[in-house]
Amino acid sequence: MPGDGNQLTERAPDAAPSDEALLVVRAGEGDEEAFEVLVRRHGPVMLQLATRLLGDRADAEDAVQDAFVSAWRKLPEFRRDASFHTWLYRIVTNRCLNRLRARRPAADLDSVPEQAAPEHQASPARAVESRAAVGALAEAMASLSPEQRVCWVLREMQGLSYESIAGTVGISLQAVRGRVFRARRSLTEAMSAWR
């Protein structure tokens, strides 16, 4: 959620801008070791994004791997008008969006990770209620169009600005606002019984 400390920055937190730029140039020239460093730096954040978008760890790992393979192939064409992180973020988002569009309409509710309650506070009734709420949220998320889901996750779970989402997804700012609004409305209606 915005403001919860999970917001992404334009580059990996441990990467100095000049160090990052040098690695990108070297990787673009075919240096596999430099690219491996970039993968290690950005991989965890990209996997977190893909998992949130797709709701399935294995599918997310495949999407991120595909994105890194694509980035390696296209790196010589990288114009550096944006940071490597932003460019990679866009590739991963597009891979996930393509996978979401290709999915069958029914979603596997067991694929949504469930937050475990601390043992000392969990009662059987509370555990059942929590599982039911998670299932309802997974069902509500599955009912969103892939475009709405991507925009909502990027805004609400990744903390991106509307402008960043527009650039990442490649749509207008107004379209982003509309998709996030419709996703919020759908999720609010679907989860109204859980208030």
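This text gives an overview of the structure that appears in the document.

Reading the values: rules and limits
Residues numbered from 1 in each chain as written. Predicted model: local features only at pLDDT ≥ 70, side-chain atom pairs only at ≥ 80, totals over all residues. Heavy atoms only, no water. Helix = DSSP H or I, 4+ residues; strand = E, 2+ residues; numbered from the N terminus. Expected span 1.5 Å × (residues − 1). Buried < 20%, exposed > 50% of the residue type's maximum accessible area, 1.4 Å probe, protein only. Contact = heavy atoms within 4.5 Å. Axes fitted to C-alpha atoms, helices over the stretch in contact; angles between N-to-C directions. Left-handed = near helix turned anticlockwise from the far one by under 90°. Nonpolar A, V, L, I, M, F, W, Y, C, P; charged D, E, K, R; others polar. Salt bridge = Lys/Arg side-chain N within 4 Å of Asp/Glu carboxyl O.

Quick look at helix H8 (residues 173-190)
- Taking 1.5 Å as the rise per residue, H8 with 18 residues should run 26 Å; its terminal C-alpha atoms sit 26 Å apart, in good agreement.
- Buried within H8 we find Val 176, Gly 178, Arg 179, Val 180, Ala 183 and Leu 187.
- Among the structural elements, helix H5 (124-143), helix H6 (146-157) and helix H7 (162-169) are those in contact with the buried residues of H8.

Some points on the packing of helix H2 (residues 32-54) against helix H3 (residues 57-74)
- Running from N to C, H2 and H3 cross one another at 140°; their axes reach a closest spacing of 9 Å. Relative to H3, H2 is oriented so that their crossing is right-handed. Counted together, Glu 32, Phe 35, Val 39, His 42, Gly 43, Met 46, Leu 47, Ala 50, Thr 51 and Leu 54 of H2 and Arg 57, Asp 59, Ala 60, Glu 61, Ala 63, Val 64, Phe 68, Ala 71 and Trp 72 of H3 form the full contact between these two elements.
- In terms of residue class, the contact of H2 with H3 is built from 12 nonpolar, three polar and four charged.

With respect to the side chain of Asp 59
- Relative to the helices and strands, Asp 59 is located in helix H3.
- The class of Asp 59 is buried, set by a relative accessible area of 16%.

Considering the pattern of salt bridges
- Tallied over the full model, the rule gives eight salt bridges.
- A salt bridge links Arg 26 to Asp 31; its shortest N-O distance comes to 2.7 Å.
- Of the residues examined, Asp 31 reaches a relative accessible area of 22% and is grouped as partly exposed.
- Residue Asp 66 is joined to Arg 99 by a salt bridge in which the shortest nitrogen-to-oxygen separation is 2.7 Å. Remark: Arg 99 occurs in helix H4 (residues 84-102) and Asp 66 occurs in helix H3; sequence separation between them is 33 residues.

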